[in-house]
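Chain and residue survey
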Amino acid sequence: MSQPAQHHAVFGHPVAHSLSPAIHAAFGRQLGIAVDYVAIDATPDTFETALARFAGAGGSGANVTLPLKEAAFALANTCSERARRAGAVNTLVRQGETWFGDNTDGAGLVRDLTGRHGLDLRGRRTLLIGAGGAARGVAPLLLDAGVSDLFVVNRTPERTDALADALGEPDRVHPRYLDVIGELGEFELIVNATSAARSGAIPALPRSLVGMRTAAVDLSYGEASVPFLAWARAHGARDTIDGLGMLVEQAAESFALWHGVRPDTDPVFAALQARNVALVTAD
Ligand code: ATR
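Let us look at the structure shown here. (Residues numbered from 1 in each chain as written. Predicted model: local features only at pLDDT ≥ 70, side-chain atom pairs only at ≥ 80, totals over all residues. Heavy atoms only, no water.)

Pairing between strand β3 (residues 59–64) and strand β5 (residues 91–95): 3 bridges, direction antiparallel. Note that in β5 the partner of Ala62 across the bridge is Leu92. Of the strand pairs in this sheet, β5 and strand β6 (residues 98–102) are connected by 5 bridges, and their pairing is antiparallel. Among the inter-strand pairings, Leu92 is bridged to a residue of β6, identified as Gly101. The loop that links β5 with its antiparallel partner β6 comprises 2 residues; one of these, Gly96, has a positive phi angle of about 65 degrees. (Pairing = 2+ DSSP bridges. Helix = DSSP H or I, 4+ residues; strand = E, 2+ residues; numbered from the N terminus.)

Scanning the model with the defined rule gives 6 aromatic pairs in all. The interplanar angle of 80 degrees and the centroid separation of 5.5 Å between the aromatic rings of Phe27 and Phe255 together place this pair among those described as edge-to-face. Taken together, the residues Phe27 in helix α1 (residues 20–31) and Phe255 in helix α10 (residues 244–259) connect sequence positions 228 residues apart. For the pair formed by Phe27 and Phe255, the shared burial category is buried. Taking the centre distance of 5.4 Å and the plane angle of 70 degrees together, the rings of Phe151 and Phe187 count as edge-to-face. With Phe151 in strand β8 (residues 149–154) and Phe187 in strand β10 (residues 187–192), this pair connects stretches of sequence that are 36 residues apart. Accessibility assignment for this pair places Phe151 and Phe187 in one class, buried. Taken together through their ring pairs, the aromatic side chains of Phe11, Phe47 and Phe54 make up a single cluster. One residue, Arg94, lies across the ring of Trp99, its end atom 4.8 Å from the ring centre. (Phe/Tyr/Trp six-rings, centres within 6.5 Å; stacked < 30°, edge-to-face > 60°. Buried < 20%, exposed > 50% of the residue type's maximum accessible area, 1.4 Å probe, protein only. Lys NZ or Arg CZ within 6 Å of the ring centre and 35° of its normal.)

Below, the discussion takes up the nonpolar core. Ranked by internal contacts, the top residues of the largest apolar core, which has 30 residues, are Leu121, Leu128, Leu142 and Leu150. Sorting the residues of this core by element identifies α5 (105–116), α6 (133–144), β8, α7 (157–167), β10 and β11 (210–218) as the ones contributing at least two each. At 6 residues, the largest contribution of residues to this core is made by α6. Non-local contacts of Leu121, meaning those with residues more than four positions away in its chain, are made with Val110, Leu113, Thr114, Leu142, Ala145, Gly146, Val147 and Leu189. Counting residues in hydrophobic clusters, the runner-up holds 18 residues, among them Ile129, Phe187, Ile190 and Leu229. (Core = buried A, V, L, I, M, F, W, Y, C linked by side-chain atoms within 4.5 Å. Contact = heavy atoms within 4.5 Å.)

On to the environment of Ala201. Mapped onto the secondary structure, Ala201 falls in the loop between α8 (196–199) and β11. According to the relative accessible area criterion, Ala201 is exposed, its value standing at 64%. Each C-alpha atom of the pair Ala201 and Pro67 lies 19 Å from the other, and the pair is 134 residues apart in sequence.

Moving on to the side chain of Asn63. Along the chain, Asn63 falls in strand β3. Within the structure, the side chain of Asn63 is placed 2.6 Å from the side chain of Tyr37, a separation counted as a polar contact. One polar contact links Asn63 to Thr91, side chain to side chain, over a distance of 3.5 Å. (Polar contact = N/O pair within 3.5 Å; in protein donor to acceptor, adjacent residues only side chain to side chain.)

Neighbouring residues of the ligand: 16 residues in total, closest Ala134, Asn154, Arg155, Thr156 and Arg159. One of the side-chain nitrogen or oxygen atoms of Asn154 is found 2.7 Å away from an oxygen atom of the ligand. A distance of 2.8 Å is found between an oxygen atom of the ligand and a side-chain nitrogen or oxygen belonging to Arg155. For the ligand, the accessible surface in isolation is 640 Å², of which the surrounding protein chains cover 84%. (Near = heavy atom within 4 Å. Areas by Shrake-Rupley, 256 points an atom, 1.4 Å probe, with all protein chains shown as cover.)

What follows covers the sheet that holds strand β2 (residues 37–41). In space, the 6 strands of this open sheet follow the order β2-β1-β3-β5-β6-β4, with mixed pairing throughout. Only two strands of the sheet have a single partner each, and these edge strands are β2 and β4 (78–79). Set on the sheet, helix α2 (residues 47–56) makes contact with β1 (7–12), β2, β3, β5 and β6; between it and β1 the angle comes to about 175 degrees. (Axes fitted to C-alpha atoms, helices over the stretch in contact; angles between N-to-C directions.)

Right, let's talk about the packing of α1 against α10 for a bit. Axis separation between α1 and α10 bottoms out at 10 Å; the angle between their running directions is 55 degrees. In terms of orientation, α1 lies oblique with respect to α10. Of the two elements, α1 crosses α10, and the hand of that crossing is right-handed. Facing α1, whose interface residues are Ile23, His24, Phe27, Gly28 and Leu31, α10 presents Leu247, Val248, Ala251, Ala252, Ser254, Phe255 and Trp258. Grouping the constituent residues of the contact of α1 with α10 by class yields 9 nonpolar, 3 polar and no charged. (Parallel < 35°, antiparallel > 145°, perpendicular 65-115°, else oblique. Left-handed = near helix turned anticlockwise from the far one by under 90°. Nonpolar A, V, L, I, M, F, W, Y, C, P; charged D, E, K, R; others polar.)

Laid out in structure tokens, this is it:
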């Protein structure tokens, strides 16, 4: 007997250029699973209505990207422990008449850094720049992966404090003002979780943050990741990693939640990386 058709979508704003539909289609082809996954543009004001319409039309699961991850957390009827710690949801699963919210971003990032890039995160003095939905998604999993200290800086200090409070580990998590970033010393892991490059320039960062062992990670991919990673490379960072691998890994986690089987991410990552390089080097 064939399975009832499942309908999935990614909600965001903007979302037209999202790679998620292509990634999920590739996973489906690999595993012989029929995938119906579309991109739906919604703003924080229209998201609730758009999600209700999607559920009414038989939507069985959704990804949520910027700027809707905190709104999705608020809309989810129940959620996973990691989504609760993040205060942000990137994956919704329809359960009867309700939505279950999860967050696969942090697991996706850690899997990419440790598995694909071979980094040992344990004991790393870590700086997280940003305190929005993306930062919230990855922070709990960085702590779980064993970083020694997590310093958090953000343009809006109230969000830094809110994130630090939500993480609930005052001995390891240190909220700091962006304007004292020059006094924080050197980090072995720096994660740029701001969307600054999409709206112009990245925040000014002192070179004193970077040492010979530093891994610099931007959660963005393509052109949006270039300014921060170029800055890190220019100051001698050992590893510079964009968010493409995390994107594929978080998608695989979401796919597994919906379909009960985890795809092989390597061929999908390789295909996207080739496309990404072409995107970045195009005029
Ligand atoms: P996302 O889901 O990508 O995290 P978001 O929740 O809108 O989207 O968060 C965007 C993050 O990028 C925030 O940390 C934001 O800082 P504020 O909390 O002060 O808004 C940060 N950000 C965006 N543009 C920035 C800029 N030009 N300089 C510094 N930080 C910026």
